[in-house]
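# A look at the structure
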Amino acid sequence: AQSVTQLDSQVPVFEEAPVELRCNYSSSVSVYLFWYVQYPNQGLQLLLKYLSGSTLVKGINGFEAEFNKSQTSFHLRKPSVHISDTAEYFCAVAISGGYNKLIFGAGTRLAVHP
Amino acid sequence: EPEVTQTPSHQVTQMGQEVILRCVPISNHLYFYWYRQILGQKVEFLVSFYNNEISEKSEIFDDQFSVERPDGSNFTLKIRSTKLEDSAMYFCASVTGYNNEQFFGPGTRLTVL
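Residues numbered from 1 in each chain as written. Chains lettered and ligands numbered in written order. Predicted model: local features only at pLDDT ≥ 70, side-chain atom pairs only at ≥ 80, totals over all residues. Heavy atoms only, no water.

Sheet strands line up and pair through hydrogen bonds in the backbone, either parallel or antiparallel. All names here are of chain B. Across the sheet, 4 strands lie side by side as β1-β3-β8-β7; this open sheet has antiparallel pairing. The open sheet has two edge strands, β1 (5-7) and β7 (65-68), and neither has a second partner. Neighbour-to-neighbour, the strand axes of the sheet open up by a mean angle of 20°, direction not taken into account. Note: β7 against strand β8 (residues 75-79), 4 bridges, orientation antiparallel. Looking at β8, one finds that E68 is bridged to T76. (Pairing = 2+ DSSP bridges. Helix = DSSP H or I, 4+ residues; strand = E, 2+ residues; numbered from the N terminus. Axes fitted to C-alpha atoms, helices over the stretch in contact; angles between N-to-C directions.)

Put into structure tokens, the structure is as follows:
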């Protein structure tokens, strides 16, 4: 079975500071990796995904993530955050090779302060 | 830009009542999913649907739950006899056959009293 651990439930940060949201996964088979963002009272929006190829993945809104197979991690980073980045961020995995269910982590609440 | 839509945005019901949550996936998508998120908890998979049948379901998806694609556009989740613990945000998602990006709807908040 697959599982996802998001190590920080909340991350407070000041505007224009860099941020890293951590995600580790466990799986005995190959997986695809995703980061989703959820703004208050909204659905889930895909930030970026890793399916194969380059381990550094760039997404929307200036976010990027790096897949590290040896450490089973997929940490999300942004060099300079804005107030508008305040949201809940979810890391997710799916077994590769098909259109399989997403298994989500518990989420990290990013709070950007002025 | 095409998007997944869900109705209603908020449904309040009495315990034991039947509810139907509706979703309109993106028109050329082939795979459909329901997830739920109990307040303060992680998003959980309920069921996936392809080619007019269930592909996979979770332990949560018991006999009280059913899904249907009654026409070419709608995808519904029915809960036959709601329980208090069914109170959650329910998300519909769909995937095209070309990549593995699941597009999520805005969700339906179900409150069971």
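Moving on, we come to the interface of chain B and chain A. If you look at the interface, chain B gives 20 residues, while chain A gives 20 residues. Here chain B meets chain A over a buried area of about 1,700 Å², counting both sides, of which 56% is carbon and sulfur. Per-residue buried area on chain B facing chain A is highest for B:K42, B:N100 and B:F104; these three make up 33% of the total on that side. Seen at the junction of chain B and chain A, the total is 2 salt bridges. Salt-bridge contacts for A:K49 lead to B:E101; the nearest nitrogen and oxygen are separated by 4.0 Å. Our enumeration of links across chain B and chain A arrives at 6 residue pairs in polar contact (both at pLDDT 80 or more). Counting only elements with at least two residues in the side of chain B that touches chain A, the list comes to β4 (31-37), β5 (43-50) and β9 (88-95) of chain B. The element contributing the most residues to the side of chain B that touches chain A is β4(B), with 4 residues. Of the residues assigned to the side of chain B that touches chain A, the class counts are 10 nonpolar, 7 polar and 3 charged. (Contact = heavy atoms within 4.5 Å. Buried area = accessible area lost by both parts, 1.4 Å probe. Salt bridge = Lys/Arg side-chain N within 4 Å of Asp/Glu carboxyl O. Polar contact = N/O pair within 3.5 Å; in protein donor to acceptor, adjacent residues only side chain to side chain. Nonpolar A, V, L, I, M, F, W, Y, C, P; charged D, E, K, R; others polar.)

All right, on to the pairing of β4(B) then. Residues and elements named next belong to chain B. Among the 7 residues in β4, 7 count as buried, and that is most of the element. On β4, burial covers both faces: Y31, Y33, Y35 and Q37 on one face and F32, W34 and R36 on the other are all buried. The pairing of β4 with β5 spans 7 bridges and is classified as antiparallel. Residue pairing in the sheet places Y35 in a bridge with F45 of β5. Linking β4 to β5, which pair antiparallel, is a turn of 5 residues; within it G40 sits at a positive phi near 80°. When β4 meets β9, the two strands line up antiparallel, connected through 7 bridges. (Buried < 20%, exposed > 50% of the residue type's maximum accessible area, 1.4 Å probe, protein only.)

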